[in-house]
Structures are given as C-alpha cells and as structure tokens.
Amino acid sequence: MEDSRPGEATFSVDWFSRCIPAWTALFAAHMPRPRRILEIGAFEGRATCFMLEHLLPAEGGEIHCIDTWEGGAEHSGIPMDAVARRFRANVGAVLARLPQHQVVSHRGLSRHALGNLLAQGNAGRFDVLYVDGSHQAPDVLEDLVLGFRLCRVGALVICDDYQWQRQKAGQVDVLDTPKIAIDAFTTIYRRRVSLIDWPCSYQVAFRKSGD
Ligand SMILES: C[S@@+](CC[C@H](N)C(=O)[O-])C[C@H]1O[C@@H](n2cnc3c(N)ncnc32)[C@H](O)[C@@H]1O
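Rules and cut-offs
- Residues numbered from 1 in each chain as written.
- Predicted model: local features only at pLDDT ≥ 70, side-chain atom pairs only at ≥ 80, totals over all residues.
- Heavy atoms only, no water.
- Near = heavy atom within 4 Å.
- Polar contact = N/O pair within 3.5 Å; in protein donor to acceptor, adjacent residues only side chain to side chain.
- Areas by Shrake-Rupley, 256 points an atom, 1.4 Å probe, with all protein chains shown as cover.
- 1 Å grid on protein atoms, 1.4 Å probe; cavity = no way out; pocket = protein on both sides within 12 Å on 5 of 7 lines; lining within 4 Å.
- Sits in = over half its atoms within 2 Å of the grid points.
- Nonpolar A, V, L, I, M, F, W, Y, C, P; charged D, E, K, R; others polar.
- Points joined across faces, edges and corners; volume = space filled by probe spheres on them.
- Phe/Tyr/Trp six-rings, centres within 6.5 Å; stacked < 30°, edge-to-face > 60°.
- Helix = DSSP H or I, 4+ residues; strand = E, 2+ residues; numbered from the N terminus.
- Buried < 20%, exposed > 50% of the residue type's maximum accessible area, 1.4 Å probe, protein only.
- Lys NZ or Arg CZ within 6 Å of the ring centre and 35° of its normal.
- Pairing = 2+ DSSP bridges.
- Axes fitted to C-alpha atoms, helices over the stretch in contact; angles between N-to-C directions.
- Contact = heavy atoms within 4.5 Å.
- Expected span 1.5 Å × (residues − 1).

Novice: What is the right way to read the site of the ligand from this model?
Specialist: Taken together, 20 residues surround the ligand, and among them Gly41, Asp67, Gly71, Ser110 and Asp132 come closest. At 3.3 Å, a backbone N or O of Thr68 approaches a nitrogen atom of the ligand. Starting from 610 Å² of accessible surface for the ligand in isolation, the protein chains cover 95%. Given that more than half its atoms are within 2 Å of the pocket grid, the ligand belongs to the largest pocket. Along the lines of polarity and charge, the residues of the shell around the ligand split into seven nonpolar, eight polar and five charged.

Now the structure itself:
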C-alpha cells in the first residue's frame, strides 16, 4: 500500500464508490445538506471525504467518526496503523480546502464512543447515522440502538453490508453478519422508523420517525 502524499487523498481499498449514485439521489430526496453526521467505521475516510465534500452545507457542518482503527476479523492482514494515518491525511487534505467543516475522531470501540456521546448530552443531535463498523450481529445491533438515540427525529440512517457474509453459501454463521441485526432493529423499532425503498440492495436506509 502506498502512503498518502500531503494534500492529496489516497485510498488502498474502495468499498464506497459503488454507493455514490444511490446516495446522491437518496440525500437529494430525503436529507439535503445535513449539518451533523455520525459515522461508525471510517477506515481510510473514503465515505467521510465524500460526505465532507458533497453532503455538508456550504456554510459548514461536522462529522463524528468512530473507529478503533484496529480493523475487524475481516481486515486481518491489513496494516491498520497505515490505515489510521491515511484517514488523518485524507480528511486533513479535504479540511484544508473546506475549513468551515469539522471532523471529530473518536478512537475506540463504537459502544464506548456512542455511550460517551450520549453521556455528554448529544442525544437527538445528529441528522445522519452511517453504520459501517463491526460486521458482528451483536455489535451492529448495539451500534443501531445507541446510534439511534443520538439521532434527531427525521434523521436518516444508512446501514452498510446488508448482504455481507464471511462464509461461503451453505456455511453462513448468521451471527457473523449485519443482516440479522439490521432486520431485528427495523422490526423491533418499526413504529419509530420509516424504511426507504431505494435501488441499493447492499445497504438499508430508513428515517427515524419517532423517539
Ligand atoms: C468496512 S470499514 C469502514 C469503511 C469506510 N466507511 C469507508 O468508507 O471506506 C469498517 C471499519 O470499522 C472499524 N470497526 C470494526 N469494529 C469496530 C468496533 N466494534 N468499534 C469501532 N470500530 C470498529 C474497523 O476498524 C474498520 O476501519
């Protein structure tokens, strides 16, 4: 993997670009110019940079990024120190061009960072929650339950990796997939969420319709 050059965003992987057409249409229709975004799982900052450049309002907004920068089981073999450096360089390069925006990094397990944000009085503060951290079902469920509390009514929630599975067909451990957690959350919270029908089967999007 090559290192970032100052002032220039570099990425070693791309899990995000395929989402851009669907995200562009989704945000135009449901959440033009959100001011406060909460991202769980930032990696090298590819989605963060897109949100800084294309979603936040021109006058300024903020993104809170939560990540251990240690990777999950699916990231074994990836040098995560380099990933964390690349995140800082990529986000720093965009912020140098768009200094009206703010990025707050929370390094640690998402359940701790989300709990801290709640304890610091941030319930109902975020316009958008992007869940793309751990792929383990119990972790995803926790991210959704705690992250949902941090969202205002009307907020947009997007969950990545709805179809992700580590094992091959026939040997899938469902507790090692986000899908069962996303389905459980949207079922149990069905009176407080409004699912959005959109052309992106790899992700699930919904609005928070009630507290
Ligand atoms: C798929 S990557 C995120 C990709 C990123 N959104 C992008 O645009 O490229 C998942 C990230 O979640 C982080 N992660 C995994 N489990 C976590 C946990 N329990 N708490 C916080 N971060 C976690 C990993 O370190 C990794 O950087």
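Novice: How do you make sense of empty space enclosed by the protein when you look at a structure like this?
Specialist: Sizing a probe to match a water molecule and rolling it over the atoms shows the empty space that remains. Taken as a whole and judged by the stated rule, the model has one cavity of 30 Å³ or more. Roughly 50 Å³ of internal volume is contained in the largest cavity. Every residue along the wall of the largest cavity is listed here: Val131, Asp132, Gly133, Ser134, His135, Val140, Asp160, Asp161 and Pro178.

Novice: It is not clear to me how the packing of aromatic side chains should be interpreted in this structure. Could you clarify?
Specialist: The relative placement of two aromatic rings is captured by the distance of their centres and the angle of their planes. In the structure shown here, the tally under the stated rule is twelve aromatic pairs. Between Phe148 and Phe185 the ring centres are 5.2 Å apart and the planes differ by 70°, which places this aromatic pair in the edge-to-face class. With Phe148 in helix α5 (residues 137-150) and Phe185 in helix α6 (residues 179-188), this pair connects stretches of sequence that are 37 residues apart. Across the pair, exposure class does not vary: Phe148 and Phe185 are buried alike. An aromatic cluster of three or more residues is present, and its members are Phe16, Trp23, Phe27, Phe50 and Tyr130. Sitting over the face of the ring of Phe126, Arg125 holds its NZ or CZ atom 6.0 Å from the ring centroid. Against the face of Phe148 rests Lys208, its NZ or CZ located 4.5 Å from the ring centre.

Novice: For this particular structure, what's the right way to read the sheet that holds strand β7 (residues 204-208)?
Specialist: By definition, the strands of a sheet pair up through backbone hydrogen bonds, in either a parallel or an antiparallel sense. Read across the sheet, seven strands follow the order β3-β2-β1-β4-β5-β7-β6 without closing on themselves; strand pairing throughout is mixed. At either margin of the open sheet sits one strand with a lone partner, and together these are β3 (102-107) and β6 (193-196). Ignoring which end each strand starts from, the neighbouring axes of this sheet average 20° apart. Together, β2 (62-67) and β3 form the strand contacts of helix α3 (residues 80-97), whose direction differs from that of β3 by roughly 165°.

Novice: I keep staring at α3 and nothing clicks. Help me out?
Specialist: One turn of the α-helix equals 3.6 residues, which is why residues spaced by three or four share an orientation. Helix length check: α3, at 18 residues, gives a terminal C-alpha distance of 26 Å against a target of 26 Å (1.5 Å per residue), a fit within 8%. Within the sequence span of α3, burial applies to Met80, Ala82, Val83, Ala84, Arg86, Phe87, Asn90, Val91, Ala93 and Val94. Check the buried side of α3 and you find it contacts α2 (46-54), β2 and β3.

Structural measurements only, silent on function.
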